[in-house]
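Take a look at the letters that make up each chain.
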Amino acid sequence: MHTIWTIAKRELATFFDSLIAYIILVLFLGFSGFFTWLYGNDIFLVGQANLRVFFNIASWSLFFFIPAITMKMLAEERKTGTLELLLTKSVSDRQVILGKFLGSILLVCIALAATLPYVITVSNIGNLDNGGTICGYLGLLLLSTAYTAIGIFASSITTNQIVAFMTALFIGLFFHIIFGVLAHNFTGSLGQFFDTLDLQSHFESISRGVLDSKDLVYFLSITLLGLYLGEWSLSKRHIS
């Protein structure tokens, strides 16, 4: 665990040293904040203040920003040769994957924590749905773990950051949009199957304040699968 934490801290420090973290934080806060207040009339439509508008917009922001965070994780290190140098030390493939995953999640957590002024502002001007707000942030965190795992896998299969970014977006597109569209266009068991794969439906369920074990299992499954595939890809390329 110490090795994983060391790698995570190194990755987080690298983000801030290269200004990537500041750029992503500013863009995320600016994009989410602008559209949240642009559609701010919806905050009080149900007679109680809530942040569903923000959570929906933030989910789209993270869909684009997380691949930008993860695209260099393994692709750039493999290109520069620093990954091979890291693996020659007493560090396992799994520790590398988990360390980089944790470093990315920490940056996402910082970005989400920076949005707490939105919560304070809304709570001061209305009766805020605290349960829905907590579940909304939990939903964003779970969504982030899933997309981060996908991004780590995408970065493990190429040495080009742009290719890693586009691959992560392409894979994420199925979970974020395509499976939902297919679920609405098919009926019966096939429609239910696509609805089960639709990330947005699971996220919206949690963000409404409904904690269901099937939603938690869904996000956990995608996260574990992405991390497993990343480790498998890393070990395969390392051997070759």
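Throughout, residues of each chain are indexed from 1 in the direction in which the sequence is written. The predicted nature of this model means local features are confined to residues of pLDDT at least 70 and side-chain atom pairs, given and counted, to a pLDDT of 80 or more, with totals for whole chains, interfaces and linings taken over all residues. Neither water nor hydrogens contribute to the side-chain values; these are computed over all heavy atoms in the structure.

1. Remarks on the pattern of salt bridges
The working definition used for a salt bridge is a side-chain nitrogen of Lys or Arg within 4 Å of a carboxyl oxygen of Asp or Glu. Inspection of every chain in the model, using the stated rule, returns three salt bridges. Residue Arg10 is joined to Glu11 by a salt bridge in which the shortest nitrogen-to-oxygen separation is 3.4 Å. For the exposure calls, accessible area comes from a 1.4 Å probe over protein chains only, and a residue counts as buried if that area is under 20% of its type's maximum, exposed if over 50%, partly exposed in between. Assessed through its relative accessible area of 35%, Arg10 is described here as partly exposed. Across the pair Glu231 and Arg94 runs a salt bridge whose closest N-O atoms are separated by 3.1 Å. With Glu231 in helix H12 (residues 213-239) and Arg94 in helix H6 (residues 93-113), this residue pair connects regions lying 137 residues apart in the sequence. Bridged by salt links that share partners, the residues Arg10, Glu11 and Lys100 form one connected network. Secondary structure counts use DSSP, requiring at least four H or I residues in a row for a helix and at least two E residues in a row for a strand, with both numbered from the N terminus.

2. So, the UniProt feature "transmembrane region" (unreviewed entry) in the protein chain
UniProt positions are given in the numbering used here, feature names are shortened, and annotations may be inferred rather than shown by experiment. Here the UniProt-annotated "transmembrane region" (unreviewed entry) positions come out as residues 12-37, 57-75, 96-119, 131-150, 162-183 and 216-234. Helix makes up 79% of residues 57-75 and strand 0%. Its end C-alpha atoms lie 29 Å apart. Measuring from the first to the last C-alpha atom of residues 162-183 gives 30 Å, for a span that is 100% helix and 0% strand.

3. Examining empty space enclosed by the protein
Buriedness for pockets is judged along seven lines, at least five of which must meet protein on both sides within 12 Å for an open set on the 1 Å grid over protein atoms alone, while cavities are sets there where a 1.4 Å probe fits but cannot get out, and lining residues have an atom within 4 Å of a point. Grid points are joined across faces, edges and corners, and a volume is the space filled by probe spheres set on the points. This model, assessed by the stated rule, comprises three cavities of 30 Å³ or more. In this model, the largest cavity occupies a volume close to 60 Å³. Forming the boundary of the largest cavity are Ile24, Leu25, Phe28, Leu62, Phe65, Ile66, Ile69, Leu107, Val108 and Ala111. Breaking the lining of the largest cavity down by element, the ones donating at least two residues are helix H2 (20-38), helix H3 (52-70) and H6. In terms of residues, the lining of the largest cavity owes the most to one element, H3, which gives four residues. Its residues assigned to classes, the lining of the largest cavity shows ten nonpolar, no polar and no charged. Of the voids in this model, the second largest cavity is the one considered here, and its volume is about 50 Å³. Forming the walls of the second largest cavity are Asn50, Leu51, Arg52, Phe55, Asp129, Gly132, Thr133, Ser207 and Arg208. Nonpolar residues are Ala, Val, Leu, Ile, Met, Phe, Trp, Tyr, Cys and Pro. Charged residues are Asp, Glu, Lys and Arg, and all others, Gly as well, are polar.

4. Overview of a nonpolar patch on the surface
A cluster of nonpolar side chains, contributed by Trp60, Phe64, Leu173, Ile177 and Val181, occupies part of the molecular surface with about 400 Å² of accessible area. Broken down by element, the residue count for the nonpolar patch peaks at three residues, all from helix H9 (residues 161-185). Within the patch definition used here, like charges are joined within 9 Å and nonpolar side chains (Val, Leu, Ile, Met, Phe, Trp, Tyr) within 5 Å, considering only residues with over 30% relative accessible area and no salt bridge. Only the protein chains shown count as covering a residue, and every accessible area follows the Shrake-Rupley method with a 1.4 Å probe.

5. Some remarks on the layout of surface pockets
The volume enclosed by the largest pocket comes to roughly 170 Å³. Every residue along the wall of the largest pocket is listed here: Ala149, Ile150, Phe153, Ile171, Phe175, Tyr218, Ser221, Ile222, Leu225, Gly226 and Leu229. Listing elements by their share of the lining of the largest pocket, those giving two or more residues are helix H8 (130-156), H9 and H12. Residue contributions to the lining of the largest pocket peak at six residues, all from H12. Residues belonging to the lining of the largest pocket are distributed by class as follows: nine nonpolar, two polar and no charged.

6. Here's the deal with the environment of Trp37
When you line up the elements, Trp37 lands in helix H2. The partly exposed category is assigned to Trp37, whose relative accessible area is 38%. Separated by 81 residues in sequence, Trp37 and Tyr118 place their C-alpha atoms 9.6 Å apart.

7. Considering H3
What a helix should span is 1.5 Å times the count of its residues minus one. Along its 19 residues, H3 runs 26 Å from first to last C-alpha, staying within 8% of the 27 Å computed at 1.5 Å per residue. The sharpest bend along H3 comes to roughly 30 degrees, located at Leu62. Buried residues dominate H3, accounting for 14 of its 19 residues. Given a residue, its bend is the angle between the two axes fitted to the seven residues that end at it and to the seven that start from it.

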